[in-house]
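Coordinates in review
For reference, the chains in residue letters:
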Amino acid sequence: MSNALDVSLRLVKAQTALVRKFDSRLGSLFGVSLADFLVLLHLGRAEGGRMRRVDLAGALGLTASGVTRGLAPLERIGLIVREADARDARVAYAALTDTGRERLADILKAAEQVAADVFAAPEWAGDDIEDLAALLTRLGGTGLPEDPAATP
């Protein structure tokens, strides 16, 4: 097996393990998955707490129908709402509700703890995390947009 394939398969296995850890913690505490959290996080960092569904799909790497299916449970539990564009009936937005914004803050704290547990010392020390982030960026793994509330 080539080194490239070996590394690719290791990344897939690591990603699966990370998803499992996040899903377990977020599911038990809040009834949401990592995928749900990513939706809420993107909306929380978007201007006005809302995004066009097509833009959200692009940001998440999903199809438009995939994002629609993913939004339905979040709508049912009142974390997001569907908004129409007053100027163009073909455009639909997904927007955080006040409850969604509050829940996102709590979920974010739990997700930060999961990440801290995953990357805890002694397995991860020094610049390991920054080095890994740089390598993943080279693969095309960009981070999320900055949190507008965090900018001065």
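This write-up is about the structure you can find in this document.

Calculation notes
Throughout, a residue's number is its position along its own chain's written sequence, starting from 1. Restriction of local features to residues with pLDDT of at least 70 applies here, the model being predicted, together with a cutoff of 80 or more for giving and counting side-chain atom pairs; totals for whole chains, interfaces and linings are based on all residues. Side-chain measures were taken over the full set of non-hydrogen atoms in the model, leaving aside hydrogen atoms and water. Two strands make a pair as long as DSSP finds a minimum of two bridges between them. Going along the chain from the N terminus, every DSSP run of H or I of four or more residues is numbered as a helix, and every run of E of two or more is numbered as a strand. Axes, fitted as lines to C-alpha atoms, cover a helix only where it is in contact. Angles between the N-to-C directions of the axes lie from 0 to 180 degrees. Per-residue accessibility, obtained with a 1.4 Å probe over protein chains only, is compared with the maximum for each type, and a residue is labelled buried under 20%, exposed over 50%, and partly exposed between these values.

1. Regarding the sheet that holds strand β3 (residues 92-96)
By definition, the strands of a sheet pair up through backbone hydrogen bonds, in either a parallel or an antiparallel sense. The three strands are arranged β1-β3-β2 in an open sheet whose pairing can be described as antiparallel. Every other strand in the sheet has two partners, leaving β1 (50-52) and β2 (80-84) as the edge strands with one partner each. Neighbour-to-neighbour, the strand axes of the sheet open up by a mean angle of 25 degrees, direction not taken into account. As paired elements, β2 and β3 share five bridges and run antiparallel to each other. Pairing of E83 across the sheet is with Y93, part of β3.

2. Quick word on the environment of V19
As for its position among the elements, V19 is in helix α1 (residues 3-30). Of the residues examined, V19 reaches a relative accessible area of 24% and is grouped as partly exposed. Distance in space between the C-alpha atoms of V19 and A105 is 20 Å, their sequence separation being 86 residues.

Coordinates in, geometry out; function isn't part of it.
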